[in-house]
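Single-letter residue listing:
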Amino acid sequence: MDESSIIEERRHLEYGFRGRQSGNKKDDGYIDELKSRYLSVDTGILRKMLHEAQSNDRRDIQKIQRQLDKTSSMNDYEVGNVHNLHALKPDDRWSLYRNWVKKWRAKKRINRDNILAENTHSLEDLTKLREDEDEEIVKSRDVIALTTTGAAKYRSLINRLPIKIVIVEEAAEVLEAHIVTALPKTTQHLILIGDHQQLKPSPAVYELGKKYKLEISLFERMIKNVRHVTLSTQHRMQPLIADLLRPQIYSDLQDHSSVSKRNGWENMRGFTKSVFLVSHNIPEENMLEGKSKKNKFEAYFLARLCKYLIQQQYKPAQITILAMYDGQISAFRSVLDNSCKDVKVTPVDGYQGEENDIILLSLVRSNSEGNIGFLRIENRICVALSRARNAFYCIGNIELLKEKSKLWRNIALKLEQSGCIGECLELKCQKHSEHCTLVKNAEDFDNVPEGGCMDLCNARLPCGHSCKTKYCHPGNHDNVKCYERCTRSCERKHPCTKRCHEDCGPCKVLIPKKVPHCAHVQDVECYLPPGDIICKQKIKIKLLCGHEPLIPCYKEEIIGIRHCPVSCDRLFQCGHVCGGTCGSCLQGRLHLPCTKCTKRILWCDHSIESKCGTEFLVCREECKIRCSHSRCRKECWYPCSPCAKQCQWQCPHYKCTKLCGEPCDRPRCNEPCIKRLRCNHKCCGVCGEACPDVCSICDEKIFLKIIAESGGNVNSQLIQLEDCDHIFSCEVLDTWMDCPEVGSELKHKMCPKCSKPILRNSRYGNIIKKISSDMRMVKEEINEFNELSIHLDQVLSNVFKMKLKFVGSMVEKDFLDADDFAHIYDFNENIYKHSYSKIRVYERRICNLEIVANILASLPENLSIPGKSIDVLKDLKEDVKDLINWLMLPREIWTYSEYEDFIRETSRIRHCGCFLKLCDKIHEGFKSRPQSFRKAFADVKKLLLGDSSRSYKLYDRDVVEDVLLKDLLPNVEGVSLTKCDEKEIFCQRKAPNIFERRIKCHNGHIYCASAGNCTYCMDLST
């Protein structure tokens, strides 16, 4: 371990815990996982435990960090007196540790210094060898080209070469110090080429350049003091652009003959002039902190002008936008169109030495103070005006420039003489030359939306149609899409239905054609040759399963009983019809799981809609139990906590002294209520109960109707139920509520009128509490099952791992898909994440696959007898694959009918395998066998293989097994029948069914209705 590793570990120690904060999503997910595993533990307790653990970790981290930050350590004398590390105090241990680290670091530093010295020496040797190599290469060259920076970098190499002549290009822009330091010792002749009337070199410190004249290059000093040669012929600018520089800047500038012969500058597409200056007086804007300037008016104008140039078929690479200030560059980039994204935008200072066909120049400055800044410097003006080859368009406040600069006055005078200056730039349509448009600002370009004029194009396209573009546009029409109807047709003269610009493609018109191999006539697409036609004529065929389905003709040769499309008519125990087909259900042997949705009532009276066969271990609805103080907020499956407040059932005659959740210790009061209603009439209710909403005098008709319906008399007291507000006479409701519940279904008493559960009523509180207590017992049973099932996951995982080793052998034999096996294995590795109902399905699947693997191992690999038996063996192995695929189908629960189908199919495969072994053993001496043996053999063969439909309707499991074990196998040696254990899966515990109704027996036991009788009483009797 090196020191960097220690530093890295220390940083992990310091910051490793800071990212963990209480209440984050990771902790919430951990809490949810714990909650799903320990259903009876409150979430708040789990979160508190997690936060306490985090706090303890944080304190330990801080203690360690404080000890690491200390610099004190034991000296060597104290270290020598340490004999037992366990006897040291924690602070002394840390002091000893720091002594060890200090010595370790000192040792490493010595090694580091030695290695560093060796590396430095090796680097020097390597550098010298590379210089020698470079020297050998450049010595054989006549010319060496490099920058001034490169000359400084390779100075030692240059001084070793016999260089006599040095040529410096763009010398006027290079600092004198850069040229002097780049000259080798052997220099005899220095040639400087440049233009001192363009940009000067830029020193890093502006003040040094002005005060000590460092901005004056060696080239400029020599021009002013020694003899020099001037090149007066230029090859770049067309004459109109060159006139702007002479004689103001270059007094003797001449144009080369190639300039006037160059094509393109005399007739600029879309313009009347190739050089123009647009004058305006729109003020400039200051950038941040006043360090630069921008002019949005000029930016918008030149952005639209740039787009217009591209519409004239000029390439973006031919156009460059220049600006005198960096702030204007930012303004351009925010307003340029996507079509101009490849146009170069740069300040003038960064464009010296470069050129382009078309230059767009923004002068920026326009203000009332008369300040033109950089625009008064002749060098910058020279660079800005001399970059264009064919066309030059400029925009700025020329009146301000003329007023503040003599040079600009002379330039403006030249432009006025040639008519190349004004407030409006004149544009000309290429197709309609009589149409000219004046543009003064960016909005005026809307009058030339496509780069031409406002007239319709109407040009003839290559297809013969006229161009329907709304506005005139320049250029050719190679990329213009024609949206007229296509006029082309196919070989059979069918007209094309697409647009003119679209590819016609093959003709899709339907025509009758005869299919060669079946002679059916089909309406098919015109382009399709007869040999490629897929006949879809419906025909009836008879399959081996006995069905005669209507199928497309082209499927006649490929369809078999495995693909029979006839619907399966199997009726499941749930009452639904099988949704599979004859082929998918393997001729009725293995049916697809039922996936239809149904609405079911739970034992607690909640209803739920789910897929058929879905197993629910808990009810997630909100609990219905409530009292006068509060209501239960837990889920229905969770046992309710009894209310711990004082019972409120009292009247002038009696008072309950128990808690609300306990049975009341007072009788019912049958005295009339002494309260007065709002109408001031006497209440017709019972003492201690809520007054009914009916007055015997004011609501006489309603009162008499209630008495008549409930069978009371005019002197009867009334009781109003709080849950549904229905009113009954006291005698009738007492009789209803006191009805014995022995042998009846466990549920809350219902209102005789609306069947709504009676959950709140003081008079019948003991009855309600007793039923709630019985329901709590059922919920505790369900809760106990869920808690127990959670702890079984690790046990089941270990058991399943042993079975998976045997099941994995079917993957090697290509019977079980590798992806399916991987899915099974992953489920087992993460079994604790799944609900118990899914684990039960997985458990049955694993055990069934183990049974199939045992059966597969017992099947014969090869047979010595030729003929039909070989085909039967192949079909039998295909049946095994079908059985495995059926086992891997997704399902919510294993039904009893599926279990029966599995047992029947595995028995048939076992019997067929045994029968094939028997055939292979006795085929030579079969005729010499007794008549009874041959008859038994023929009977088994007919039962197993006699039905050509392969529906195996003749197969009788018990009969076949009885004949094999009694009549055939005892008479043949070396052949036995593989046994299959058909008992229930050993660790599949019966889960409480929340769909079954609960019954209460006379002894107070609660049992499921499907049991018929109380299982607890039956156990006691035995």
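As the structure is a computational prediction, the values presented were derived from the model and not from experiment. (Residues numbered from 1 in each chain as written. Predicted model: local features only at pLDDT ≥ 70, side-chain atom pairs only at ≥ 80, totals over all residues. Heavy atoms only, no water.)

## Focus on the overall build of the chain
Line of reasoning, step 1. Scanning the chain from terminus to terminus reveals 29 helices and 24 strands.
Line of reasoning, step 2. Considering the chain as a whole, with its 1022 residues, one finds that 40% of them fall into the buried category.
Line of reasoning, step 3. A sequence separation of at least 24 residues applies to 56% of the contacts in the chain between residues at least 6 apart.
Line of reasoning, step 4. Counting only carbon and sulfur atoms, one obtains 51% of the accessible surface of the chain, whose full area is about 59300 Å². (Helix = DSSP H or I, 4+ residues; strand = E, 2+ residues; numbered from the N terminus. Buried < 20%, exposed > 50% of the residue type's maximum accessible area, 1.4 Å probe, protein only. Contact = heavy atoms within 4.5 Å. Areas by Shrake-Rupley, 256 points an atom, 1.4 Å probe, with all protein chains shown as cover.)

## Here's the deal with the sheet that holds strand β5 (residues 275-279)
Line of reasoning, step 1. Taken together, six strands build an open sheet; the order of strands is β9-β8-β10-β11-β5-β12 and the sheet is parallel. Two strands lie at the open edges of the sheet, namely β9 (344-347) and β12 (421-422), each paired on one side alone.
Line of reasoning, step 2. Two strands pair when backbone bridges link them, and strand β8 (residues 319-323) and strand β10 (residues 356-362) are joined in this way by five bridges, in the parallel orientation. In the sheet register, T320 faces β10, and the bridge partner there is I359.
Line of reasoning, step 3. Strands β5, β8, β10 and β11 (388-396) of the sheet are contacted by helix α13 (residues 296-311), whose axis makes an angle of about 160° with β10. (Pairing = 2+ DSSP bridges. Axes fitted to C-alpha atoms, helices over the stretch in contact; angles between N-to-C directions.)

## Details of empty space enclosed by the protein
Line of reasoning, step 1. Applying the stated criterion across every chain yields a total of three cavities of 30 Å³ or more.
Line of reasoning, step 2. Computed from the structure, the largest cavity encloses a volume of approximately 110 Å³.
Line of reasoning, step 3. In terms of lining residues, the largest cavity is bounded by C604, D605, H606, C623, K624, I625, C636, K747, H748, P757, M775 and K779.
Line of reasoning, step 4. In terms of residue class, the lining of the largest cavity is made up of six nonpolar, two polar and four charged.
Line of reasoning, step 5. In this structure, the second largest cavity occupies an estimated 50 Å³ of space.
Line of reasoning, step 6. For the lining of the second largest cavity, the leading source of residues is helix α26 (residues 896-922), giving five residues.
Line of reasoning, step 7. Here the residues of the lining of the second largest cavity sort into four nonpolar, four polar and two charged. (1 Å grid on protein atoms, 1.4 Å probe; cavity = no way out; pocket = protein on both sides within 12 Å on 5 of 7 lines; lining within 4 Å. Points joined across faces, edges and corners; volume = space filled by probe spheres on them. Nonpolar A, V, L, I, M, F, W, Y, C, P; charged D, E, K, R; others polar.)

## Comments concerning the environment of L859
Line of reasoning, step 1. Mapping L859 onto the fold places it in the loop between α24 (836-858) and α25 (868-887).
Line of reasoning, step 2. A residue is classified by how much of its surface remains accessible, and L859, at 6% relative accessible area, is buried.
Line of reasoning, step 3. C-alpha separation for the pair L859 and L873, spaced 14 residues apart in sequence, amounts to 8.6 Å.
Line of reasoning, step 4. The contact partners of L859, leaving out residues within four places of it in the chain, are L876, V880, I909, G913 and K917.

## Thoughts on the state of the cysteines
Line of reasoning, step 1. Counted according to the given criterion, the structure contains zero disulfides.
Line of reasoning, step 2. With no disulfide of its own, C507 lies 3.8 Å from the sulfur of C490, the closest cysteine sulfur.
Line of reasoning, step 3. Unpaired in terms of disulfides, C582 finds its nearest cysteine sulfur in C564, a separation of 3.9 Å. (Disulfide = S-S within 2.5 Å.)

## Focus on unusual backbone geometry
Glycine aside, negative phi is the norm for most residues, and most peptide bonds take the trans geometry.
Line of reasoning, step 1. Residue P247 is bonded to the preceding R246 through a cis peptide linkage, with omega at 5°.
Line of reasoning, step 2. Relative to the elements of secondary structure, P247 occurs in the loop between α11 (239-242) and β4 (254-255).
Line of reasoning, step 3. One non-glycine residue, E170, lies in positive phi territory at about 55°.
Line of reasoning, step 4. Structurally, the position occupied by E170 is in the loop between β1 (165-169) and α8 (176-182).
Line of reasoning, step 5. Assessed through its relative accessible area of 23%, E170 is described here as partly exposed.
Line of reasoning, step 6. Located in the positive-phi region is Q313, a residue other than glycine, with phi close to 75°.

## Quick word on the environment of N159
Line of reasoning, step 1. By secondary structure assignment, the location of N159 is in the loop between α7 (155-158) and β1.
Line of reasoning, step 2. Along the primary structure N159 and K185 are separated by 26 residues, whereas in three dimensions their C-alpha atoms are 6.3 Å apart.
Line of reasoning, step 3. Excluding residues within four positions of it along the chain, N159 makes contact with P184 and K185.

## Section: the pattern of salt bridges
Line of reasoning, step 1. Inspection of the entire model under this criterion finds 36 salt bridges.
Line of reasoning, step 2. The partner of E898 in a salt bridge is R891, with the nearest N and O atoms 3.5 Å apart. Comparing E898 with R891 shows no difference in burial state: the two are buried.
Line of reasoning, step 3. Bridged by salt links that share partners, the residues K128, E131, D132, E135, K139 and R160 form one connected network. (Salt bridge = Lys/Arg side-chain N within 4 Å of Asp/Glu carboxyl O.)

## Observations regarding the packing of aromatic side chains
Within a pair of aromatic rings, the relevant descriptors are the distance that separates the centres and the angle that separates the planes.
Line of reasoning, step 1. Applying the stated criterion across every chain, the model contains eight aromatic pairs.
Line of reasoning, step 2. When the centroid spacing of 5.5 Å and the interplanar angle of 65° are considered together, the rings of F301 and F445 count as edge-to-face. On the criterion of sequence distance, the pair formed by F301 in helix α13 and F445 in the loop between β14 (436-439) and β15 (510-514) is long-range, its members being 144 residues apart.
Line of reasoning, step 3. Looking at F445, the relative accessible area reads 2%, which means it is buried.
Line of reasoning, step 4. Ring pairs connect the aromatic residues F271, F301, Y308, Y393 and F445, which therefore count as one cluster.
Line of reasoning, step 5. Geometry around W649 places R666 over its ring, the cationic atom sitting 3.8 Å from the centre.
Line of reasoning, step 6. Taking the ring centre of F728 as reference, the NZ or CZ of K753 above it sits at 5.8 Å. (Phe/Tyr/Trp six-rings, centres within 6.5 Å; stacked < 30°, edge-to-face > 60°. Lys NZ or Arg CZ within 6 Å of the ring centre and 35° of its normal.)

## A closer look at the environment of S202
Line of reasoning, step 1. Within the secondary structure, S202 sits in the loop between β2 (189-193) and α9 (206-211).
Line of reasoning, step 2. Residues S202 and L214, 12 residues apart in the sequence, show an inter-C-alpha distance of 8.5 Å.

## A closer look at the packing of α26 against helix α28 (residues 957-968)
Line of reasoning, step 1. At a closest axis distance of 10 Å, the pairing of α26 and α28 adopts a crossing angle of 30°. Here α26 lies roughly parallel to α28, going by the angle between them. Handedness of the α26/α28 crossing: left-handed. Contacts between α26 and α28 involve I903, S907, R910, H911 and L918 from the former and R957, V960, E961, L964 and L968 from the latter.
Line of reasoning, step 2. Counted by class, the contact of α26 with α28 contains five nonpolar, two polar and three charged residues. (Parallel < 35°, antiparallel > 145°, perpendicular 65-115°, else oblique. Left-handed = near helix turned anticlockwise from the far one by under 90°.)

## Section: a positive patch on the surface
Line of reasoning, step 1. Together, R58, R59, K63, R66 and K70 make up a region of like positive charge exposed at the surface.
Line of reasoning, step 2. Structurally, the position occupied by K63 is in helix α3 (residues 43-69). (Patch = residues over 30% accessible without salt bridge, like charges linked within 9 Å, V, L, I, M, F, W, Y side chains within 5 Å. Lys, Arg positive; Asp, Glu negative; His and termini not counted. Charge placed at Lys NZ, Arg CZ, Asp CG, Glu CD.)

## What to know about the nonpolar core
Line of reasoning, step 1. Judged by nonpolar contacts, the single largest core of 75 residues is most densely connected at L360, F392 and Y393.
Line of reasoning, step 2. With 10 residues, α13 is the largest single contributor of residues to this core.
Line of reasoning, step 3. In this structure, L360 is in contact with L302, L305, C306, L309, I319, T320, I321, L322 and Y393, ignoring residues within four places of it in sequence. (Core = buried A, V, L, I, M, F, W, Y, C linked by side-chain atoms within 4.5 Å.)

## Points about α28
Line of reasoning, step 1. Between its first and last C-alpha atoms α28 spans 16 Å; for 12 residues at 1.5 Å apiece the expected length is 16 Å, and the two agree.
Line of reasoning, step 2. Listing the buried residues of α28 in full gives V960, V963, L964 and L968. Projection of α28 onto a plane perpendicular to its axis shows the buried side chains occupying an angular sector of 100°, all on one side. Exposed and oriented more than 90 degrees from the buried face of α28 are D958 and K966.
Line of reasoning, step 3. Considering only its buried residues, α28 is in contact with α26 and α27 (931-945). (Expected span 1.5 Å × (residues − 1). Arc of directions from axis to C-beta.)

## Let's talk about the packing of α13 against helix α14 (residues 326-335)
Line of reasoning, step 1. Between α13 and α14, whose axes approach to 9 Å, the crossing angle comes to 50°. For the element pair α13 / α14, the angle class is oblique. As for the relative orientation of α13 and α14, their crossing is right-handed in sense. Contacts from E298, A299, Y300, L302 and A303 of α13 reach α14 at Q328, A331, F332 and V335.

## Details of the confidence of the model for the chain
Line of reasoning, step 1. The predicted model of the chain has a mean per-residue pLDDT of 81, with 86% of residues at 70 or higher.
Line of reasoning, step 2. Long-range and interchain partners of residues 34-42, a stretch whose pLDDT sits below 50, account for 19 contacts in this model, where long-range means more than four residues apart.
Line of reasoning, step 3. Note that pLDDT drops below 50 for residues 983-990; the model gives that stretch 20 contacts with residues more than four away or on any other chain. (pLDDT = per-residue confidence, 0-100.)

## Describing the side chain of Q67
Line of reasoning, step 1. Residue placement: Q67 occurs in helix α3.
Line of reasoning, step 2. Judged by its relative accessible area of 11%, Q67 is buried.
Line of reasoning, step 3. Here D91 takes part through its side chain, which lies 3.1 Å from a polar atom of the side chain of Q67.
Line of reasoning, step 4. With residues near it in sequence (within four places) discarded, Q67 still touches D91, W94 and R98. (Polar contact = N/O pair within 3.5 Å; in protein donor to acceptor, adjacent residues only side chain to side chain.)

## What to know about the side chain of S292
Line of reasoning, step 1. With respect to the helices and strands, the residue S292 is situated in the loop between β6 (285-286) and β7 (293-294).
Line of reasoning, step 2. For S292, the side chain forms a polar contact with the main-chain nitrogen of G327, separated by 2.9 Å.

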